[in-house]
Amino acid sequence: MTDMRDILQAASLLARHIPPTPMWSYPVLNAAAGAELWVKHENTQPIGAFKVRGGITLLAALPDRSRGVVAYSTGNHAQSIAYAARLFGTPCAIVMPENPNPSKVAAVEALGATVVIGGATMVEAADVAREEADRLGRRLISPADEPEIIAGVGTLYLEILLQRPDLDAIVVPVGSGTGAAAACLVARALAPGCQVIGVQSAAAPAAHDSWRLGEMVLRPMKTRVDGLATGSAYALPQQVMRDLLTDFLLVTDEEIRAAQRLMLTHAHTLAEGAGAAALAGVLNRREEFAGRKVAIVVSGGNAGPAELAALMGPQDA
Ligand SMILES: *Cc1c(COP(=O)(O)O)cnc(C)c1O
């Protein structure tokens, strides 16, 4: 299991590759939310999302990485692994389900990885990736059940608590749960009084429901919020969250859209849907967060063309 020493080692590794991200507080946003919010800007990462921390940490630790890696994802995980593979000169294939978004294919190819199209859904793409890894003799990378990914992602929470050790809570958007699990580990070690609260879309609640029920369940995946769209829970992050996560909130996709707009107008920040989910969680529980010092993680800023158009359009679009 990942512990604080792994996270400190990841921090010392990552310092050689990517600078810490800024964290600011915006008085107008605070006034709108009724709390002292600290906005952690992972949208400023080179791939536009926090996942690169985990990708670099995982590939740095792979003993036989010259043999190559295979991952499956359409989103930020794909870019994270492709970015890290380029950094270490590792051959990299990313499997995406049929009819992928061309801009996501282009982003991965621009990082030098090969895109393999296979499977109708992400579950089938995972099978294709497994076959591809076997065939090529490469390491298959799980999106979340990888201790090094959790260690790398933990550096984000280390930066937050080093900057503001007096926080009352950290609110984390959850898809597979690596971010929330890492936040729990860092808070336990450095700031046991700081709550860690997860947020997921009510339209894809697999991680939330698994945490509440104490067992891994599958759930329909109907959210349009990419980074939060997982239909199943992952064992490793669930195991950490089970004991250490304070609470887990669900918000609607509409609340997330409203939070994205507030992020644009009040914090001059373009957050993708997942990157605004933490703010949506705070706004959903105003009374609970009122007057408290709360970090919200803008986990990414990779809004696609359709998402941008909807954001700029009429309020109810
Ligand atoms: C992957 C992702 C998430 C969810 O993170 P998990 O570690 O999978 O829970 C949130 N926001 C963005 C932008 C992401 O890419």
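Residues numbered from 1 in each chain as written. Predicted model: local features only at pLDDT ≥ 70, side-chain atom pairs only at ≥ 80, totals over all residues. Heavy atoms only, no water.

- Labelled according to an unreviewed UniProt entry, the protein chain appears under the name threonine ammonia-lyase, originating from Herbidospora galbida.
- Reading the Sequence similarities (unreviewed entry) entry of the UniProt record for the protein chain gives the comment "Belongs to the serine/threonine dehydratase family."
- UniProt, in its Catalytic activity (unreviewed entry) section for the protein chain, records the words "L-threonine = 2-oxobutanoate + NH4(+)". (UniProt positions renumbered as here; feature names shortened; annotations may be inferred.)

## Quick look at the domain arrangement of the protein chain
Then, number 1: Domain annotation for the protein chain reports domain 1 (4-49 + 147-312) and domain 2 (51-141).
Then, number 2: Using C-alpha coordinates to define each centre, domain 1 is positioned 23 Å away from domain 2.
Then, number 3: Counting residues at the interface gives 23 residues for domain 1, matched by 19 residues for domain 2.
Then, number 4: For the pair domain 1 and domain 2, the summed buried surface comes to about 1,700 Å²; carbon and sulfur atoms form 64% of the total.
Then, number 5: Our enumeration of links across domain 1 and domain 2 arrives at 3 salt bridges.
Then, number 6: Arg53 serves as the salt-bridge partner of Glu42, at 2.8 Å between the closest nitrogen and oxygen.
Then, number 7: Our enumeration of links across domain 1 and domain 2 arrives at 8 residue pairs in polar contact (both at pLDDT 80 or more). (Domains from an automatic or database assignment. Contact = heavy atoms within 4.5 Å. Buried area = accessible area lost by both parts, 1.4 Å probe. Salt bridge = Lys/Arg side-chain N within 4 Å of Asp/Glu carboxyl O. Polar contact = N/O pair within 3.5 Å; in protein donor to acceptor, adjacent residues only side chain to side chain.)

## Details of the pattern of salt bridges
Then, number 1: Scanning the entire structure with this criterion turns up 14 salt bridges.
Then, number 2: For Asp247, the salt bridge identified is with Arg285, shortest N-O distance 3.8 Å. You can see Asp247 sitting in strand 9 (residues 247-251) and its partner Arg285 sitting in the loop between helix 12 (273-284) and helix 13 (286-289), a full 38 residues away along the chain.
Then, number 3: A relative accessible area of 18% places Asp247 in the buried class. (Helix = DSSP H or I, 4+ residues; strand = E, 2+ residues; numbered from the N terminus. Buried < 20%, exposed > 50% of the residue type's maximum accessible area, 1.4 Å probe, protein only.)

## Focus on the site of the ligand
Then, number 1: Around the ligand, a shell composed of 14 residues is seen, among which Lys51, Ser176, Gly177, Thr178 and Ser299 lie nearest.
Then, number 2: For the ligand, an oxygen atom lies 2.6 Å from a polar atom in the backbone of Gly177.
Then, number 3: At 3.0 Å from an oxygen atom of the ligand is found a main-chain nitrogen or oxygen belonging to Gly179.
Then, number 4: Taking 380 Å² as the accessible area of the ligand by itself, protein coverage stands at 97%. (Near = heavy atom within 4 Å. Areas by Shrake-Rupley, 256 points an atom, 1.4 Å probe, with all protein chains shown as cover.)

## Describing the layout of surface pockets
Then, number 1: In this structure, the second largest pocket encloses a volume near 180 Å³.
Then, number 2: Looking at the second largest pocket, the residues that line it are Met1, Thr2, Asp6, Gln9, Ala10, Leu13, Thr57, Ala60, Ala61, Pro147, Glu148 and Ala151.
Then, number 3: Listing elements by their share of the lining of the second largest pocket, those giving two or more residues are helix 1 (4-14), helix 3 (52-61) and helix 7 (147-163).
Then, number 4: If one sorts the elements of the lining of the second largest pocket by residue count, helix 1 sits on top with 4 residues. (1 Å grid on protein atoms, 1.4 Å probe; cavity = no way out; pocket = protein on both sides within 12 Å on 5 of 7 lines; lining within 4 Å. Points joined across faces, edges and corners; volume = space filled by probe spheres on them.)

## Structural notes on unusual backbone geometry
Generally, phi is negative for residues other than glycine and the peptide bonds are trans, each holding for most cases.
Then, number 1: One non-glycine residue, Asn99, lies in positive phi territory at about 55°.
Then, number 2: Summarising the element assignment, Asn99 is placed in the loop between strand 4 (92-96) and helix 5 (102-110).
Then, number 3: Phi at His268 is positive, roughly 30°, even though this residue is not glycine.
Then, number 4: Within the secondary structure layout, His268 lies in the loop between helix 11 (253-267) and helix 12.

## Observations regarding the pairing of strand 2 (residues 36-41)
Then, number 1: Counting buried positions over the 6 residues of strand 2 gives 5, a clear majority of the element.
Then, number 2: Here 2 bridges tie strand 1 (residues 23-24) to strand 2, and the two strands are oriented antiparallel to one another. Across the sheet, Met23 pairs through a bridge with Lys40, a residue of strand 2.
Then, number 3: The pairing of strand 2 with strand 10 (residues 293-298) spans 6 bridges and is classified as parallel. Following the sheet pairing, Trp38 is matched in strand 10 by Ala295. (Pairing = 2+ DSSP bridges.)

## A look at the nonpolar core
Then, number 1: Among the nonpolar cores identified, the biggest contains 66 residues, and Ile94, Tyr157, Ile160 and Ile170 are the most heavily contacted of them.
Then, number 2: In terms of residue count, helix 7 provides more of this core than any other element does, 9 residues in total.
Then, number 3: Residues from two domains meet in this core; each of domain 1 (4-49 + 147-312) and domain 2 (51-141) gives at least three.
Then, number 4: Setting aside anything within four residues of it in sequence, one finds Tyr157 in contact with Ile170, Val172, Gly179, Ala182, Ala183, Val186 and Val297.
Then, number 5: Ranked by size, the runner-up nonpolar core spans 31 residues in total, among them Val199, Met263, Ala280 and Val294. (Core = buried A, V, L, I, M, F, W, Y, C linked by side-chain atoms within 4.5 Å.)

## Describing the sheet that holds strand 1
Then, number 1: One open sheet holds the 6 strands; their spatial order is 1-2-10-7-8-9, and the pairing between them is mixed. Two strands bound the open sheet, and with one partner strand each, they are strand 1 and strand 9.
Then, number 2: Across the sheet, helix 11 touches strand 8 (195-201), strand 9 and strand 10, and the angle it forms with strand 9 is around 90°. (Axes fitted to C-alpha atoms, helices over the stretch in contact; angles between N-to-C directions.)

## Examining helix 10 (residues 235-244)
Then, number 1: Leu236, Pro237, Gln238, Val240 and Met241 are the residues of helix 10 that are buried.
Then, number 2: Structurally, helix 10 contributes buried residues whose contacts are with helix 7, helix 8 (178-190) and helix 9 (206-213).

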